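A closer look at the structure
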Amino acid sequence: MPDPHLVPPQIARPGDPFSALRIVHFVSRLRRNETLQLRDVVAALNAEFLDWYFGEKVVLAEVVQLQANWGISFHGDDRIVLDRNDRGHTLLITDSTKMSSFLVAEATRLSEACSEELRRFTLGDGVTRDN
C-alpha cells in the first residue's frame, strides 16, 4: 500500500502563524549587517521548505511585522531595515546584542500561536465549512 501520510504542499498566507514561524526562523539565520535582495531571501526560503510556497508579498508582510514589533520593543531603533533598489526590495538586519533574543522571542510567540490554533482545530472550534 502507498504511504497515506503524504502531506499536501502549503501556500503561505499573511497572518498565518505557521507561515510566520517558518519565515522568522529563516530570517533569524540570515547574514547580519549585509543588505540582501528580498527576492533572493524568498528563493532561499522556498528552497529550505520544499513543501511550502512563500510569495514575496507574504515574506515582505512578515518582515514589516517584525520591523514594527522591533520598533515597539526597542523604541524605534532601526535594526530591521527594508528599502528598495533597482532590483526590488532589500533587507538589512543589523546585528546587535538584542537581535537574537528578539527573534527567539518572536519565534516562541508564533510557536505558541501555532499550538493554540492546533488546539482549537483538535477541539473542533477552528473547523468551518471553508476548511
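A brief structural summary.

Definitions and cut-offs
Residues numbered from 1 in each chain as written. Predicted model: local features only at pLDDT ≥ 70, side-chain atom pairs only at ≥ 80, totals over all residues. Heavy atoms only, no water. Core = buried A, V, L, I, M, F, W, Y, C linked by side-chain atoms within 4.5 Å. Buried < 20%, exposed > 50% of the residue type's maximum accessible area, 1.4 Å probe, protein only. Helix = DSSP H or I, 4+ residues; strand = E, 2+ residues; numbered from the N terminus. Contact = heavy atoms within 4.5 Å. Pairing = 2+ DSSP bridges. Axes fitted to C-alpha atoms, helices over the stretch in contact; angles between N-to-C directions. Phe/Tyr/Trp six-rings, centres within 6.5 Å; stacked < 30°, edge-to-face > 60°. Expected span 1.5 Å × (residues − 1). Parallel < 35°, antiparallel > 145°, perpendicular 65-115°, else oblique. Nonpolar A, V, L, I, M, F, W, Y, C, P; charged D, E, K, R; others polar. Salt bridge = Lys/Arg side-chain N within 4 Å of Asp/Glu carboxyl O.

Details of the nonpolar core
Of all hydrophobic cores here, the largest spans 29 residues; its most connected members are Leu30, Phe54, Val59 and Ile80. No other element matches the six residues that helix H3 (residues 56-73) contributes to this core. In this structure valine 59 touches Ile23, Leu38, Val42, Leu45 and Phe54, once residues within four positions along its chain are discounted.

What about the sheet that holds strand S5 (residues 88-93)?
The sheet built from three strands is open, its strands ordered S2-S5-S4 with antiparallel pairing. Only two strands of the sheet have a single partner each, and these edge strands are strand S2 (36-37) and strand S4 (80-85). Of the pairings in the sheet, the one linking S4 to S5 comprises six bridges and is antiparallel in character. Note on S5: the bridge partner recorded for leucine 82 is leucine 91. Together, S4 and S5 form the strand contacts of H3, whose direction differs from that of S4 by roughly 140 degrees.

Comments concerning the side chain of asparagine 69
With respect to the helices and strands, the residue asparagine 69 is situated in helix H3. For asparagine 69, a relative accessible area of 13% gives the class buried. Not counting residues within four places of it along the chain, the set of residues in contact with asparagine 69 comprises Phe102, Glu106 and Arg109.

Some points on the packing of aromatic side chains
Applying the stated criterion to the full structure yields five aromatic pairs. Through pairs of rings, three or more aromatic residues link up here, namely Phe49, Trp52 and Phe54.

Remarks on unusual backbone geometry
Most peptide bonds take the trans form, and the phi angle of most residues other than glycine is negative. Backbone geometry at asparagine 33 places phi at a positive 60 degrees, although glycine is not the residue there. When you line up the elements, asparagine 33 lands in the loop between helix H1 (17-27) and S2.

Some words on H3
In this model, H3 (18 residues) spans 25 Å end to end at C-alpha, consistent with the 26 Å of a helix rising 1.5 Å per residue. Here H3 has its buried residues at Val58, Val59, Leu60, Glu62, Val63, Leu66, Asn69 and Trp70. Histidine 75, located one to two residues past H3, shows a positive phi value of around 55 degrees.

Quick notes on the packing of helix H2 (residues 38-48) against H3
The contact between H2 and H3 brings their axes to 10 Å, and the two run at 105 degrees. One element, H2, and the other, H3, form an angle in the roughly perpendicular class. Of H3, the residues touching H2 (which contributes Leu38, Arg39, Val42 and Leu45) are Glu56, Val59 and Leu60. Class assignment for the residues of the contact of H2 with H3 results in five nonpolar, no polar and two charged.

Side note on the pattern of salt bridges
Under the counting rule described, the total for this entry stands at seven salt bridges. The salt bridge involving aspartate 16 is made with arginine 13; its shortest N-O contact spans 3.9 Å. Since its relative accessible area comes to 7%, aspartate 16 is described here as buried. Assessed through its relative accessible area of 49%, arginine 13 is described here as partly exposed. Notably, a salt bridge pairs arginine 29 with glutamate 48, separated by 3.5 Å at the nearest N-O pair. Here glutamate 48 lies in helix H2 and arginine 29 lies in the loop between H1 and S2, a separation of 19 residues in the sequence. On the basis of relative accessible area, glutamate 48 is assigned to the partly exposed category, the value being 42%.

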